[in-house]
Amino acid sequence: MNSPFVSDVPTAEATAAWTAACRAAGCPERLDVETVAVADAVGRVTAEPVWALRSSPAFDSAGMDGIAVRAADTVGAAETTPVLLAEFEVVDTGDPLPAGYDAVVMREHVHRTGDGKAEVAAAVPPYQHVRSIGEDISATELLLPEAHRLRPVDVAACAAAGAVELVVRRRPRVVVVPTGDEIRPIGTDTAPGEILDTNSLMLASQAREIGCVAETTAIVADDPDLIATALRDAAERADLVILIAGSSAGRDDHTARVVAGAGTLAVHGVAVKPGHPVVLGTVGTTPVLGAPGYPVSASLTFDIFAAPLLATLEGAAPRERPSTTARLARKLASAVGTDDWVRVRLGRVAGEVVATPLPRGAGVLTSLVRADGLLVVPAGVEGHHAGEQVRVELLRGLGEIGRTIVAIGSHDLVLDVAASELRAADPLVTLASSNVGSLGGLVALRDGLCHLAGSHLLDPATGEYTLPYVDRLLGPDGIAVVRLVHRDQGLIVAPGNPLGLTGIEDLTRVSYVNRQRGAGTRALLDHELARRGVDPAAISGYSREEHTHLAVAAAVSAGRADAGMGILAAARAFGLDFVPVAREPYDLVLRTDTLDDPLLAPLWTLLERSDFRAGVEALGGYSCEETGQRIR
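Residues numbered from 1 in each chain as written. Predicted model: local features only at pLDDT ≥ 70, side-chain atom pairs only at ≥ 80, totals over all residues. Heavy atoms only, no water.

Caption draft 1: Structural detail: the side chain of T404. Mapping T404 onto the fold places it in strand 28 (residues 404-409). With a relative accessible area of 0%, T404 lands in the buried category. Within the structure, the side chain of T404 is placed 2.7 Å from the side chain of R396, a separation counted as a polar contact. With near-sequence residues (within four places) excluded, T404 lies in contact with L346, G347, R348, R396, T430, A432, H451 and L599. (Helix = DSSP H or I, 4+ residues; strand = E, 2+ residues; numbered from the N terminus. Buried < 20%, exposed > 50% of the residue type's maximum accessible area, 1.4 Å probe, protein only. Polar contact = N/O pair within 3.5 Å; in protein donor to acceptor, adjacent residues only side chain to side chain. Contact = heavy atoms within 4.5 Å.)

Structure, rendered in structure tokens:
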């Protein structure tokens, strides 16, 4: 007799029905947590954010084999007028940069003379071939959010940042129960009509491939009572039971009736091909998937139903490995002669996937940690222009990328905190921020390459922040400005302020570390210098640039600079002192037609949360009185 349960339920409806049945049965929504050694954490899912405990590199180091020199000593060097250096030190890649030196000349560009001197035939700029402290990781920065599945590059970055243990979700336990009188264990010499139990091997392997602990029981005969007993026993120790075969409408297909009798039958028959007769239900507080006996159907139903459920239990998104075309967010140069594998962040803006290249230095491990995809520039291509369509191999699924909020512009710690909070609330929501400076963010918004531009640009002529630049670059119409925070900007100095700095005018007597061109912090400094009539050339280190407040603080903390302009929160994170200069607004700029975009709705909700605001203000130097308010 045919089973009365078989029907063609659309996949989304079937998933919703199974989810509702699991909730009604009290099935856990998340697995419990455990602490594991960082070396054992690959494939696990973080149960809390991972913050860097130390900077990497922890000191300025040589980026090449060669000699450490003072850049100023090489001024004027050329092929026809080489400079002979008496003072230098031989260094290998990774060696600490010796005190008093600020650049490295590659070994092959140095001619050693017989009298112990070194001849160089080209002038070098400060910090050539030097890996600056915090180039890869700055202590206290967000390395990984909650609900992130750890890869080899992730645990390497965590270890480089000082982590010894990580808090992760327990691995899901999957128990596979094969059924059928005709099924025989692998390795058995089969007779006509007998089938080797290859489905159990395949499904258990699929479960292990996505990070689960998998167990396969002995084969159960086609007897409803025996199957029910095996099912109840498996449910007691599993997070998901997969019952193989018996889900169709044949005379010995008992799965649907057994699940209904032992627990709750949510779905029997889904509108997919192959895989139509799948069974979805619960026994006790454990989800049950009845997989069809045909191998392709069994594999497909695992991908459609089991993998997403198991990912949800871990608080992670299902894994995908597709490729796609994407629009390049900024110009990308590449040296001819080598295939250039460029790590990129991805998001969907105005219906198109946008790829933002990450730092490309060989030592920048975090570019792999944060990468959503890989863009290969072939050996014969010099690069790509901004806006050009490129092919990207995905390291995250297109579904996740479609729910990525792309923020380009100025760096702020609040964006890191927001990224973690958003991911914790919904594993499929990502806030991906790229630090290119306030001006670069506004240009990216103008060109349709991001959802949000973070800006705190001061207009010297009016004393206003951001709005004058919005009018000039984007026009007065069709643009919204939302206040994120007010924050304190000032000089980050050593604990106790031993040099007695009182303000901008004191920078001419100390060593300084600057922010990059186009950064709002750089604009504020230049404005303050101009007001005081101070020539930037009079500041030692003005040309040394870092791309984040934390990197500036790391340089000061390590003693490689006496001061740097940054926010109070960065100084506090490193235990440094702070000389206030200005309290400024930091705003999010976006197009008005995206204000009500569902993609951004979780962010607006987060900005209204009192616990989020309290957490931001606890960082130091922030005011959230106007957080979330529309300024324009």
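On we go.
Caption draft 2: Structural view of the packing of helix 1 (residues 11-25) against helix 6 (residues 295-314). Their axes nearest at 11 Å, the elements helix 1 and helix 6 cross at an angle of 40 degrees. Considered as vectors, helix 1 and helix 6 are oriented oblique to each other. Of the two elements, helix 1 crosses helix 6, and the hand of that crossing is right-handed. On helix 6, the residues that touch T11, A14, T15, W18 and C22 of helix 1 are I304, F305 and L309. The class makeup of the residues in the contact of helix 1 with helix 6 is six nonpolar, two polar and no charged. (Axes fitted to C-alpha atoms, helices over the stretch in contact; angles between N-to-C directions. Parallel < 35°, antiparallel > 145°, perpendicular 65-115°, else oblique. Left-handed = near helix turned anticlockwise from the far one by under 90°. Nonpolar A, V, L, I, M, F, W, Y, C, P; charged D, E, K, R; others polar.)

Caption draft 3: Representation of the sheet that holds strand 5 (residues 83-85) in the model. With antiparallel pairing, the three strands of this open sheet are ordered in space as 5-9-8. At either end of the open sheet lies a strand with only one pairing partner, and these are strand 5 and strand 8 (110-112). In this sheet, neighbouring strand axes are inclined to one another by 30 degrees on average, regardless of whether the strands run parallel or antiparallel. The sheet contact formed by strand 5 and strand 9 (residues 118-120) spans three bridges and is antiparallel. Of the residues in strand 9, the one forming a bridge with L84 is E119. (Pairing = 2+ DSSP bridges.)

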